[in-house]
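Listed below are the residues making up each chain.
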Amino acid sequence: MICDENNIDERGAIGAPDLVIEILSPGNSNKEMKYKFDLYEEAGVLEYWIVNPADKTIFIYILKDNQFIGMHPLIEEDTIQSKLFPDLDFKLESIFN
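The rules behind these values
Residues numbered from 1 in each chain as written. Predicted model: local features only at pLDDT ≥ 70, side-chain atom pairs only at ≥ 80, totals over all residues. Heavy atoms only, no water. Helix = DSSP H or I, 4+ residues; strand = E, 2+ residues; numbered from the N terminus. Buried < 20%, exposed > 50% of the residue type's maximum accessible area, 1.4 Å probe, protein only. Contact = heavy atoms within 4.5 Å. Areas by Shrake-Rupley, 256 points an atom, 1.4 Å probe, with all protein chains shown as cover. pLDDT = per-residue confidence, 0-100. Polar contact = N/O pair within 3.5 Å; in protein donor to acceptor, adjacent residues only side chain to side chain. Salt bridge = Lys/Arg side-chain N within 4 Å of Asp/Glu carboxyl O.

Colleague: Would you mind showing me how to read the overall build of the chain here?
Modeller: In terms of helices and strands, the chain carries 2 helices and 9 strands. Written out in order from the N terminus, the α and β elements of the chain read β-β-β-α-β-β-β-β-β-β-α. Looking at the chain as a whole, 31% of its 97 residues are labelled buried. Sequence-distant contacts, at least 24 apart, represent 38% of the contacts inside the chain between residues at least 6 apart. For the chain, the computed accessible surface area is about 6500 Å², with 51% contributed by carbon and sulfur atoms.

Printed below as a string of C-alpha cells:
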C-alpha cells in the first residue's frame, strides 16, 4: 500500500510502499521469512505483516531506526490494528474462517 500520491507515476511505484502484507504459501515460506524481510527492511517499508494461513497467525513488524521491530504475534482470536493506519483493525477470525 502506497499512501503518498507523489510516490506513484505512470510506470508505477517510486520507492518503498508504506505497508506490505505478505501471505505465506506452502513451500514458499522460507523466501518470505528471510529474503523479503531483509529486502523490505532495507527498502524502508514502514509496516510489514506476515500472514500464515496454515497456523492462523500474523506477525507485524514496524520500522524504527531502519530496523524492523516485531510486535506481539497475533492468533485467530485476536484483533489486529495497524500502527501506521489505526483505522485498519479487524478480528483475525474474520479472515481465517
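Here the narrative resumes.
Colleague: I'm lost on unusual backbone geometry in this one. Help?
Modeller: Glycine aside, residues mostly have negative phi, and peptide bonds are mostly found in the trans state. Of note in the backbone geometry, Lys56 takes a positive phi value of approximately 55° without being a glycine. Looking at where Lys56 falls in the secondary structure, it is placed in the loop between strand E4 (47-52) and strand E5 (57-64). Even without a glycine there, the phi angle at Asn66 is positive, about 65°. Along the chain, Asn66 turns up in the loop between E5 and strand E6 (67-70).

Colleague: Teacher, can you tell me more about the confidence of the model for the chain here?
Modeller: In regions of low pLDDT, the predicted coordinates are not meant to be interpreted in detail. Here the chain averages 86 in pLDDT, while 85% of its residues score no lower than 70. For the chain, per-element mean pLDDT is lowest for strand E2 (residues 12-13), which scores 64, and highest for E6, which scores 97.

Colleague: Would you take a moment to explain the environment of Glu22 for this structure?
Modeller: Structurally, Glu22 can be placed in strand E3 (residues 19-23). In this structure the C-alpha to C-alpha distance between Glu22 and Val51, which are 29 residues apart in sequence, comes to 6.0 Å. Sequence-distant contacts of Glu22, defined by excluding residues within four places in its chain, comprise Glu32, Lys36, Tyr40, Tyr48, Trp49, Ile50 and Val51. Of note is the side chain of Glu22, whose polar atom sits 3.2 Å from the side chain of Tyr40.

Colleague: What is the right way to look at the pattern of salt bridges in this model?
Modeller: Scanning all chains against the criterion turns up 2 salt bridges. A salt bridge links Glu22 to Lys36; the nearest nitrogen and oxygen atoms lie 3.2 Å apart. Residue Glu22 is found in strand E3, and its partner Lys36 is found in helix H1 (residues 29-43); the two are separated by 14 residues along the sequence. Just as Glu22 is buried, Lys36 falls in that class too. A salt bridge links Lys56 to Glu76; the nearest nitrogen and oxygen atoms lie 3.8 Å apart. In this pair, Lys56 is assigned in the loop between E4 and E5 and Glu76 in the loop between strand E7 (74-75) and strand E8 (79-81), connecting sequence segments 20 residues apart.

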